[in-house]
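Observations on chain architecture
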Amino acid sequence: VAGPLWTSGLVYVNATLAPAAFESFPRDSWLLVDLQASSAFSDDLTLMSHVNGDDATNGHLKGKLSEVFTWSRSLSVAELEQLYTGSSFTITASSGLQCYYSMEEGAGDESRDITGTQLAAKLQNDPAWVYGDVPLQGGCEGHSADLVFGHTGGPHPPPPPPASKFSVEFDGVTDFVLLPMLTLQGLSLWVNVYTNQNNPLVYLLDARTGAIEGYFSNSVVGSTWVAMYVNGEATTVGWEFLPRDEWVHIHLEANAPFTDDVNVMSRANTGFGSPTNNCLQGRLAEMYVWSKQLTPEAVEVIAEGFDFQQVGDSGLMAGYLLEKFYVEPVGIAGGQLLKDYTLNRQLDALLMGGEWYEDVPEKSGWSANSLVPSPPVCPRSLIAASQLDLNRNIGEQK
């Protein structure tokens, strides 16, 4: 049954006027549902269940939820068509948007409002996060939408990552990461290198396409690397300046841009999972690839836990958060794709082996830092969730 708040209002499905009747909604496909109430109202609205959601008898809806907007006014049919088709639709302060929950966190029990309020939506009873199954028109990247919040033209910066939760432990035998072929000049890592190693010779990095000498091992460091920062502080380039048995932020810069598919936590040798690859034993939490050298001030900000949206024209090319919800299967035994968080689908890295641990650097991720987030943007949808509660005075709910 639909309540009079909605039956006396308007209901749109995929930007088309529809009966205010649940049985009329299509099944097993993504829908843009827009509910326009007959009048403004205040409520802590519950989605995907009856208002008493903790009671198993209270009508829980089985399905997926990708994006939620709340509005203080009704949208026009033309605006709904723009949302549904992914056409250009600019949202300003006068648009009536109150909250936007993109469901991109990928973990946890909250979805934050990326318009900048502190009104997080609460996910109840541990719904599952699903990577990759989203509406074709969802979000901004990957289609023609230009959905912005006070942003006037130009490329959208990527969204900030959530607080880190996981890292990967490498066994020092066959585990490693292979970055895609990139033209880079800098690399930042959150890494924990163990004192005790399985091999007498181990590599943190190895890049050696052509004349490139981009190796970094406990035996020798290649001439490609000319600058090194430890926890944001400049130091001499050398293995002996790499702390052991603790989380450390390492930033390395090359003498010039070079092109290579860099090995991380191993030597660049032939054959995946080879015991002769001089693999490094330790843990890895995050990696960032840069197309140019950074200022010392920028390196310090990154080491303190930076916001993706505030890096500006820094040359950030790719970012890899070693989190369970940012990996996908790949057709190589023991391999997984590490998703590039800057949303460039062509720059995914290959993670071979490794064990997941809930052990991360204190300053990794986004919410651990002290920076004030920039005006929010609309990312490409990647993740969907299944149930949440909202606390907001609303006039219309989609």
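Attention in this report is confined to the structure presented alongside it. (Residues numbered from 1 in each chain as written. Predicted model: local features only at pLDDT ≥ 70, side-chain atom pairs only at ≥ 80, totals over all residues. Heavy atoms only, no water.)

Attention shifts here to the nonpolar core. By size, the foremost hydrophobic cluster in this structure holds 41 residues, and its most contacted members are Val177, Leu179, Leu204, Leu205, Val264, Leu284 and Met287. Among the elements of the structure, strand 10 (167-171), strand 12 (182-193), strand 13 (203-206), strand 15 (225-230), strand 17 (248-260), strand 19 (281-290), strand 20 (316-321) and strand 23 (349-352) are those that each provide at least two residues to this core. Of the residues forming this core, the biggest block, six residues, is contributed by strand 12. With sequence-adjacent residues up to four places away left out, leucine 284 is seen in contact with Ser167, Val168, Phe170, Val177, Leu189, Trp190, Val191, Trp247, Val264, Met265 and Leu322. Membership of the second largest hydrophobic core comes to 13 residues, among which are Ala227, Tyr229, Val299 and Leu321. (Core = buried A, V, L, I, M, F, W, Y, C linked by side-chain atoms within 4.5 Å. Buried < 20%, exposed > 50% of the residue type's maximum accessible area, 1.4 Å probe, protein only. Helix = DSSP H or I, 4+ residues; strand = E, 2+ residues; numbered from the N terminus. Contact = heavy atoms within 4.5 Å.)

So, about unusual backbone geometry. A positive phi is found at aspartate 245, a non-glycine position, where the angle reads about 55°. Looking at where aspartate 245 falls in the secondary structure, it is placed in the loop between strand 16 (233-235) and strand 17. On the basis of relative accessibility, which here comes to 46%, the residue aspartate 245 falls in the partly exposed class. Of note in the backbone geometry, methionine 265 takes a positive phi value of approximately 70° without being a glycine. Of note, methionine 265 is situated in the loop between strand 18 (263-264) and strand 19. The exposure class of methionine 265 is buried, given its relative accessible area of 0%.

All right, on to the environment of alanine 234 then. Checked against the element boundaries, alanine 234 lands in strand 16. Judged by its relative accessible area of 60%, alanine 234 is exposed. On a C-alpha basis, the gap between alanine 234 and proline 296 in space is 7.6 Å, while along the polypeptide they are 62 residues apart. What alanine 234 contacts, discounting residues up to four positions off in sequence, is Met228 and Tyr229.

The subject of this paragraph is the side chain of asparagine 192. Topologically, asparagine 192 is positioned in strand 12. Here asparagine 192 falls in the buried class, since its relative accessible area comes to 9%. A distance of 3.0 Å separates a polar atom in the side chain of asparagine 192 from the backbone nitrogen of glutamate 246. The residues touching asparagine 192, leaving out its near neighbours within four places in the chain, are Asp245, Glu246, Trp247, Gln281, Gly282 and Arg283. (Polar contact = N/O pair within 3.5 Å; in protein donor to acceptor, adjacent residues only side chain to side chain.)

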